[in-house]
Amino acid sequence: MRAIVITSPGGPECLDMQDRPDPTPARSEIRVKVVASSLNRADLSQRMGRYPAPAGVPADIPGLEYAGEVESLGSECSLWKEGDRVMGIVGGGGHAELLCVHEREAMRVPQNLTWEEAAAIPEVFLTAYDAMFNRLGLVAGETLLIHAVGSGVGTAAVQLAAITGIPTIGTSRSPLKLDRAVTLGLTTPVEARGGWEDRVVEITKGKGVEAIVDLVGGGYMGPNLQALAVRGRLVLVGLTAGAKSELDLGAILRKRIRIEGTVLRARPIEEKITLTRDFAARMLGFFESGRLKAVIDRVLAFENIREAHEEMEANTNFGKIVLRW
């Protein structure tokens, strides 16, 4: 099979397409012929040597999600048949023509979706869904602040909030991205310039927001405490602004704030299966009805993987960069 390989830590020039042996499915695994995948910031970090793959997945083949056809079955598989259209998340190896996954980790692809749309769903929607409902415990009527609202996870979070009656405030440095997020259901856009936390407090009439999904980290953490309401909750999903921050611990005490970090990649397989099956049961129907949509910035061939990495590093994309064989 062909696969995208990280030949050494470094820039996009360290990515190469190579032939690798076809994987063999274990008894409870399906082998998927991958048609499309998507690029995630974790792939960039792995390429630079900052985010190694967990044990049990290819160390040098990136890719955290896939969409494709079931090509063969392990001896104990019963949920799928050859030719079924499936999609899902993986710890790595998604940027290859063939991939083996536990049969319970896979989700069906809704009939009305293209391969490109299916490939743009798993990582960002599962991450947003888990952050909002499992980590934060959001309920209708609470207000959610979403940083980097034009990112893949940001656009997914906006849509999930809209269909569950949760008002949203979204930040971005790009007015164009904010305008596009409004078309997805964002309630109130806020430019991410100095003092955005004051704007959030003003919008909420001095109360602050009940919850924050933070994909930025770094210097946003201090202002986040100001923007949170009493007993507010924050889930940290990404660190695009860095992993260091100075915090007012007194504000955490006074407001009784809860801060939680999350990552899907390294979780035990049973946790991933539980999340995937819960999301599939509750949310796939909304893709079929059109109330949830894959947000795609562009589609590139895997041969253009270096260009894809350069585009994501430039931070000009709104939604997902999809890769197709």
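Note that the structure is predicted; figures quoted are calculated from it, not measured.

A. The overall build of the protein chain, seen in detail. Of regular secondary structure, the protein chain possesses ten helices and 15 strands. In summary, the protein chain has a C-alpha radius of gyration of 20 Å against a globular reference of 20 Å for 325 residues, a match within 12%. Expressed as lengths along the three principal axes of its C-alpha atoms, the size of the protein chain is roughly 60 × 40 × 35 Å. Considering only contacts within the protein chain whose residues lie at least 6 apart along the sequence, 68% involve residues at least 24 apart. On the protein chain, roughly 13800 Å² of surface is accessible, and the fraction owed to carbon and sulfur atoms is 50%.

B. Layout of the pairing of strand β10 (residues 188-191). Burial along β10 is one-sided: the face carrying Thr188 and Val190 is buried and the face carrying Pro189 and Glu191 is not. When strand β9 (residues 168-172) meets β10, the two strands line up parallel, connected through four bridges. Within β10, the position partnered with Gly170 by the bridge is Pro189. Read from β9 through helix α5 (residues 175-183) to β10, the crossover connection turns out right-handed.

C. Layout of the layout of surface pockets. Quantified by volume, the largest pocket comes out at close to 1400 Å³. Taken together, 47 residues form the lining of the largest pocket, with Arg41, Leu215, Gly238, Leu239 and Thr240 sitting closest to its centre. Looking at the lining of the largest pocket, the elements with two or more residues in it are α1 (41-47), α3 (122-135), α4 (152-163), β9 and α10 (305-314). Residues that form the lining of the largest pocket fall into these classes: 21 nonpolar, 16 polar and ten charged. Approximately 530 Å³ is the volume found for the second largest pocket. Around the second largest pocket, the lining comprises 29 residues; the ones closest to its centre are Gly56, Val57, Pro58, Gly92 and Cys100. Broken down by secondary-structure element, the contributors of at least two residues to the lining of the second largest pocket are β6 (98-102) and α9 (269-289). In terms of residue count, the dominant contributor to the lining of the second largest pocket is β6 (five residues). Tallied by class, residues from the lining of the second largest pocket come to 18 nonpolar, five polar and six charged.

D. Representation of the packing of α3 against α4 in the model. Relative orientation of the contacting elements α3 and α4 amounts to 55 degrees, with a least axis distance of 8 Å. The orientation of α3 with respect to α4, classified from their angle, is oblique. As for the relative orientation of α3 and α4, their crossing is right-handed in sense. Residues Val124, Phe125, Thr127, Ala128, Tyr129, Met132 and Phe133 of α3 lie in contact with α4, whose contacting residues are Gly152, Val153, Ala156, Ala157, Gln159, Leu160 and Ala161.

E. Representation of unusual backbone geometry. Positive phi is not limited to glycine here, since Arg256 has a value of about 55 degrees. Among the secondary structure elements, Arg256 is positioned in the loop between α8 (249-255) and β13 (258-261). Its relative accessible area of 53% is what places Arg256 among the exposed residues. Located in the positive-phi region is Asn315, a residue other than glycine, with phi close to 60 degrees. Structurally, Asn315 is set in the loop between α10 and β15 (320-324). Assessed through its relative accessible area of 35%, Asn315 is described here as partly exposed.

F. Representation of the packing of aromatic side chains within the structure. All told, the structure shown has seven aromatic pairs when counted by the stated rule. Summarising the aromatic geometry, the rings of Phe125 and Phe287 are spaced 5.0 Å apart at their centres and angled 80 degrees between planes, so their arrangement reads as edge-to-face. Note that Phe125 is positioned in helix α3 and Phe287 in helix α9, a separation of 162 residues in sequence. Geometrically, the ring pair formed by Trp196 and Tyr220 is tilted, given 5.4 Å between the ring centres and 35 degrees between the ring planes. With Trp196 in helix α6 (residues 196-203) and Tyr220 in the loop between β11 (209-214) and α7 (221-227), this pair connects stretches of sequence that are 24 residues apart. On the accessibility criterion, Trp196 (5% relative accessible area) is buried. By way of ring pairs, the aromatic residues Phe125, Tyr129, Phe133, Phe279 and Phe287 are connected into one cluster.

G. Spotlight on α10. Listed as buried for α10 are Ile305, Ala308, His309 and Met312. Across the axial projection of α10, the buried residues extend over an arc of 95 degrees, all falling on one side. On its buried side, α10 packs onto β1 (2-6), β2 (15-19), α1, β14 (296-301) and β15. One or two steps after α10, the chain reaches Asn315, where phi turns positive at roughly 60 degrees.

Conventions used here
- Residues numbered from 1 in each chain as written.
- Predicted model: local features only at pLDDT ≥ 70, side-chain atom pairs only at ≥ 80, totals over all residues.
- Heavy atoms only, no water.
- Helix = DSSP H or I, 4+ residues; strand = E, 2+ residues; numbered from the N terminus.
- Rg over C-alpha atoms; globule rule 2.2 N^0.38 Å.
- Contact = heavy atoms within 4.5 Å.
- Areas by Shrake-Rupley, 256 points an atom, 1.4 Å probe, with all protein chains shown as cover.
- Buried < 20%, exposed > 50% of the residue type's maximum accessible area, 1.4 Å probe, protein only.
- Pairing = 2+ DSSP bridges.
- Right-handed = clockwise from strand over helix to strand, strands pointing away.
- 1 Å grid on protein atoms, 1.4 Å probe; cavity = no way out; pocket = protein on both sides within 12 Å on 5 of 7 lines; lining within 4 Å.
- Points joined across faces, edges and corners; volume = space filled by probe spheres on them.
- Nonpolar A, V, L, I, M, F, W, Y, C, P; charged D, E, K, R; others polar.
- Axes fitted to C-alpha atoms, helices over the stretch in contact; angles between N-to-C directions.
- Parallel < 35°, antiparallel > 145°, perpendicular 65-115°, else oblique.
- Left-handed = near helix turned anticlockwise from the far one by under 90°.
- Phe/Tyr/Trp six-rings, centres within 6.5 Å; stacked < 30°, edge-to-face > 60°.
- Arc of directions from axis to C-beta.

In short, geometric facts, not functional conclusions.
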